[in-house]
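Structural description and commentary
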Amino acid sequence: MCGIVGYAGPKPAIDVVNEGLRRLEYRGYDSAGVALMADGEIVTEKRAGKLSNLAEAVAARGGMTGPHVGIGHTRWATHGAPTDRNAHPHVSVDGRTAVIHNGIIENFAQLRAELEGDGVEFTSDTDTECVAHLLAREVGQGVDLTEGMRRVCRRLQGAFTLLAVHGDAPGTVVGARRNSPLVAGVGDGEYFLASDVAAFIRHTREAIELGQDQVVTITADGYSITDFEGEPTDGTPFHVDWDASAAEKNGYEYFMLKEIAEQPRAVADTLRGRFDVGGGIILDEVRMSDQDFRDIDKIFIVACGTSYHAGMVAKYAIEHWVRLPCEVELASEFRYRDPVLDRSTMVIVISQSGETMDTLMALRHARTQKARVLAISNTVGSTIPRESDAVLYTRAGIEVAVASTKAFLTQLAACYLVGLHLAAVRGIKYVDEVAAVVAELAETPEKIATVLAGMEPVRELAKRMGTADRALFIGRHVGYPVALEGALKLKELAYMHAEGFAAGELKHGPISLIEEGTPVVVVVPSPRGRSLLHDKVLSNIQEVKARGATVIAIAEDGDDVVAPHVDHVVFTPRTSTLLAPLLTALPLQVFACELAAAKGHDIDQPRNLAKSVTVE
């Protein structure tokens, strides 16, 4: 959460920074601000609300197009309400230091008390302002901005990415990171700092991933990196293999609609080249031997939000294919309940950004307990993959909309591959059995495209239900996590009370919520693959219909039994039961998007949410 960008080079900094902030607005949009270096003086502008508010203020002010060094910030509020005074950048008392920040300074209360004891008067409620005053004090004592940043960072506790400019260093931007993302962009006579490469992709595809506890200094002439103690070090260079057009809407009204439409290609990319000639599954990075995989006797899957729902589906597949006990845990709860872990435990962590703080902290707890960690992520070079023993990247491409769609489907595909890899290495499944599942997986992108091509009735249904204020989702087996994901999408986008339940639990309490006209979305199991569960779900449908519910069913092609018992039915192509979520989740994504649009909500940037949650 929070997007940051810094620039030093020949271009007008305000143009580069504003463009970067526009591409990073998905990370937070409570407020935005910029600080530019003009003739050794810092010029700032900041506004609460969307980035457009800042753009209007900058345009009205004028005179901000000259400077060639600047920093910018788009905020997801943690400390202090989303107001003008709490927007970043924060400036020191003498007006010579400006700082922007992503994360949380956990010891800010002690630091603030110290500064106030020295007579500093604070102008905001944020933890970030402490850094501006501390940094100004260090530079005022005679050290340069880079050394000042190192000294301040050694005092900070928590998760932070910081960028700073100072009047005594007019051509310089200094950045630092701990437990929060920061990348540098290397251009031709220009250099960039940002929380995501999307901020500078139009200018360069060459990037440097900053490591833990590192400070980076950029000017128009180059960059340097040290650790917090001042020892020179190197970041990790990488080339970005997508271009700026990947972050544009390409004619779609919303990024979410574009990303839904990209799912056939995204899943195909995730699966491509994963099956070697010897019958094994190829992971991206492996720092474990086959024997390490064989020594595993228990698996935990740890994730948050949509990734947690992907992990719930993975549990069914892994236990069925690998025959090992598998638990699924919310990352925010995992390390606090003192789970039983050891060298024979594998923890699979799932994070689209690779920076999700709850998941990262769970990973680190697992590592201290000597557990093996396998990461599933969409972001090459991010912290979670770097700190894991094995990695599988989802290759979904950039996902701008806050509500996850293609990240979810590619996480599902990656989870299936991990399950198959474990089954193959441990000798539970023969090569031809693994190949059969992989072959069916290879057919799913075309099936996904087929489902998406038939979504017009779902769109029309969603528009007609624009006045609804709540909905229930039910399913059994792998349909249960899909129901949870469908409910989450409706909460995120339509701001509706929506709940997902295991269908068998209806009679244990939730059925009391059913009133005349209550929408109930039912994920119906295949009558071929799970005939017993299919019959039970039909009974659940009859239970809610008898109480006046409006029932919308997601069912398999050829399931003629379900249609007479529901008000609306959406069919998906036949596939095996475990792989069905790759298809059944699609109508729920479209339904939530269109229903939110019918209510007039912001589809890509729902209120109170940010794309990447980098604080606990």
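These remarks concern the structure in this document.

On a plain count of helices and strands, the chain comes out with 18 helices and 25 strands. Expected size for 616 residues packed as a compact globule is a radius of gyration near 25 Å; at 25 Å, the chain falls within 12% of this value. Across the chain, contacts joining residues at least 24 apart in sequence account for 71% of those joining residues at least 6 apart. For the chain, the accessible surface area stands at approximately 22,100 Å², while carbon and sulfur atoms represent 49% of it. Positive and negative side-chain charges in the chain, numbering 61 and 83 respectively, have mean positions lying 3 Å apart.

Moving on to the layout of surface pockets. Of the volumes computed, that of the largest pocket is approximately 860 Å³. As for the largest pocket, its lining consists of 34 residues, and the residues nearest its centre are W242, N378, T379, V380 and G397. If you list the elements that add at least two residues to the lining of the largest pocket, you get β14 (236-239) and α7 (263-271). Space inside the second largest pocket adds up to approximately 610 Å³. Looking at the lining of the second largest pocket, the elements with two or more residues in it are α9 (305-322), β18 (345-351), α11 (357-368), α13 (406-425) and α16 (479-494). For the lining of the second largest pocket, the residue count by class is 10 nonpolar, 13 polar and four charged.

Moving on, we get to the state of the cysteines. Linking two cysteines covalently via their sulfur atoms produces the bond known as a disulfide. Tallied over the entire structure, the rule returns zero disulfides. With no disulfide partner, C2 has as its closest neighbouring cysteine sulfur the one in C130, 16 Å distant. Just so you know, C415 is unpaired, no disulfide at all, and the nearest cysteine sulfur is the one on C326, 9.2 Å from it.

Turning to the pairing of strand β4 (residues 69-75), a few remarks are in order. The element β4 is extensively covered by neighbouring structure, given that seven of its seven residues are classed as buried. The alternating pattern of β4 places V69, I71, H73 and R75 on one face and G70, G72 and T74 on the opposite face, and all of these are buried. Note: strand β2 (residues 31-38) against β4, six bridges, orientation antiparallel. Residue pairing across strands places G33 opposite H73, the latter belonging to β4.

This next bit is on the pattern of salt bridges. Opposite charge on two side chains permits pairing when their charged atoms draw close. Per the stated rule, a full pass over the model turns up 43 salt bridges. The residue E41 makes a salt bridge to R96 at a minimum N-O spacing of 3.5 Å. In this pair, E41 sits in strand β3 (residues 41-48) while R96 sits in the loop between β5 (90-91) and β6 (97-105), placing the two residues 55 residues apart along the sequence. For E41, a relative accessible area of 45% gives the class partly exposed. Here D213 ties to R178 by a salt bridge, and the two come within 2.8 Å at their closest N and O atoms. On the criterion of sequence distance, the pair formed by D213 in the loop between β11 (206-209) and β12 (214-219) and R178 in strand β8 (residues 173-178) is long-range, its members being 35 residues apart. For D213, a relative accessible area of 23% puts it in the partly exposed group. Here the residues in one salt-bridge network are E138, E147, R150, R151 and R154, joined through shared partners.

Turning our attention to the environment of A375. Looking at the secondary structure, you find A375 in strand β19 (residues 372-377). A375 sits 22 residues away from S353 along the chain, and the two C-alpha atoms are 11 Å apart. A375 has contacts with V349, I384, P385, S388, A390, V391 and L392, leaving out every residue within four places of it along the chain.

Here we take up the sheet that holds β12. The strand order across the open sheet built from six strands is β5-β6-β7-β8-β12-β13, with neighbouring strands paired in antiparallel fashion. Only two strands of the sheet have a single neighbouring strand rather than two, namely β5 and β13 (222-227). Inspection of the sheet shows β5 paired to β6 by two bridges, in the antiparallel sense. If you follow H90 over to β6, its bridge partner there is V99. Relative to β6, helix α4 (residues 128-140) is tilted by about 135°, and along the sheet it contacts β5, β6 and β7 (158-166). Where helix α5 (residues 145-153) meets the sheet, it contacts β7, β8, β12 and β13, and its direction lies at approximately 155° from that of β7.

Next up on the list: the packing of aromatic side chains. Ring pairs (aromatic) are described by centroid distance and by the angle formed between their planes. On inspection of all chains with the given rule, the structure shows six aromatic pairs. Ring geometry for F160 versus F228: centroids 6.3 Å apart, planes at 10°, classification stacked. On the criterion of sequence distance, the pair formed by F160 in strand β7 and F228 in the loop between β13 and β14 is long-range, its members being 68 residues apart. Positioned above the aromatic ring of F122 is the side chain of R112, whose terminal nitrogen or guanidinium carbon lies 4.2 Å from the ring centre. Seen from the ring of Y495, R607 lies directly overhead, with NZ or CZ sitting 4.0 Å from the centre.

Among the structural elements, Q263 can be located in helix α7. Look at Q263 and you get buried, because its relative accessible area is 1%. When residues no more than four places from it in sequence are discounted, the contact partners of Q263 are T405, K406, L409, I448, L586 and Q589.

In this section: the nonpolar core. Of all hydrophobic cores here, the largest spans 124 residues; its most connected members are I299, I348 and L490. With 13 residues, α13 is the largest single contributor of residues to this core. For I348, the contacting residues outside a window of four places in its chain are I299, F300, I301, V302, I318, L374, I376 and V418. Counting residues in hydrophobic clusters, the runner-up holds 25 residues, among them V131, V139, M149 and V215.

With that settled, consider the environment of A35. Positionally, A35 belongs in strand β2. Between the C-alpha atom of A35 and that of H88, which follows or precedes it by 53 residues, the distance is 8.9 Å. Not counting residues within four places of it along the chain, the set of residues in contact with A35 comprises I42, V43, T44, V69, G70, I71, P89, A98 and V165.

With that out of the way, let us pick up α5. With eight of its nine residues buried, α5 lies for the most part within the structure. Within the span of α5, buried status applies to L145, T146, E147, G148, M149, R150, V152 and C153. The inward-facing, buried residues of α5 contact α4, β7, β8, β12 and β13.

Before going further, it helps to examine the sheet that holds strand β1 (residues 3-8). Whenever strands of a sheet pair, they do so through backbone hydrogen bonds, lying parallel or antiparallel. Taken together, eight strands build an open sheet; the order of strands is β3-β2-β4-β1-β10-β9-β11-β14 and the sheet is antiparallel. In this open sheet, the two strands that pair with only one neighbour each are β3 and β14. Sheet twist, expressed as the mean angle between neighbouring strand axes with direction ignored, is 15°. Note: strand β9 (residues 183-186) against strand β10 (residues 191-194), four bridges, orientation antiparallel.

Rules used throughout
- By convention here, each chain's residues receive numbers from 1 onward along its written sequence.
- With pLDDT at 70 or above as the cut-off, local features in this predicted model cover only qualifying residues; side-chain atom pairs require 80 or more to be listed or tallied, and sums for whole chains, interfaces and linings still use all residues.
- Here the side-chain values reflect all heavy atoms present in the structure, with hydrogen atoms and water set aside.
- Under the DSSP-based scheme used, a helix requires at least four consecutive residues in state H or I and a strand at least two consecutive residues in state E, with every element numbered from the N terminus.
- Within these notes, the globule rule equals 2.2 Å times the number of residues to the 0.38 power, and the radius of gyration is based on C-alpha atoms.
- Contact criterion: two residues are considered in contact whenever any of their non-hydrogen atoms come within 4.5 Å of each other.
- Each accessible area is a Shrake-Rupley result for a 1.4 Å probe, and residues are judged covered by the shown protein chains and nothing else.
- Charge assignment in this entry is limited to Lys and Arg as positive and Asp and Glu as negative, and neither His nor the chain termini are counted.
- For this purpose, a charge sits on NZ of Lys, CZ of Arg, CG of Asp or CD of Glu.
- Cavity: a set of points on a 1 Å grid over the protein atoms alone where a 1.4 Å probe fits but cannot get out. Pocket: an open set with protein on both sides within 12 Å along at least five of seven lines, its lining residues, like those of a cavity, having an atom within 4 Å of a point.
- Grid points are joined across faces, edges and corners, and a volume is the space filled by probe spheres set on the points.
- Charged residues are taken to be Asp, Glu, Lys and Arg, nonpolar residues to be Ala, Val, Leu, Ile, Met, Phe, Trp, Tyr, Cys and Pro, and polar residues to be all remaining types, Gly included.
- Criterion for a disulfide: a pair of cysteine sulfur atoms within 2.5 Å.
- Burial here depends on accessible area, computed with a 1.4 Å probe over protein chains only, as a share of the maximum for the residue type. Under 20% is buried, over 50% is exposed, and the range in between is partly exposed.
- Paired strands, in this sense, are two strands between which DSSP finds at least two bridges.
- A pairing counts as a salt bridge when a side-chain nitrogen of Lys or Arg comes within 4 Å of a carboxyl oxygen of Asp or Glu.
- In this analysis an axis means a line fitted to C-alpha atoms, helices contributing only their contacting stretch, and an angle means the value between N-to-C directions, from 0 to 180 degrees.
- Any pair of Phe, Tyr and Trp rings, taking the six-membered ring for Trp, is counted once the centres come within 6.5 Å. Such a pair is stacked with planes under 30 degrees apart, edge-to-face with planes over 60 apart, and tilted for the rest.
- For a ring to carry a charge above it, either NZ of a lysine or CZ of an arginine must fall within 6 Å of the ring centroid while also lying within 35 degrees of the normal to the ring plane.
- Throughout, nonpolar core names a set of buried Ala, Val, Leu, Ile, Met, Phe, Trp, Tyr and Cys residues whose side chains join them through atoms within 4.5 Å.

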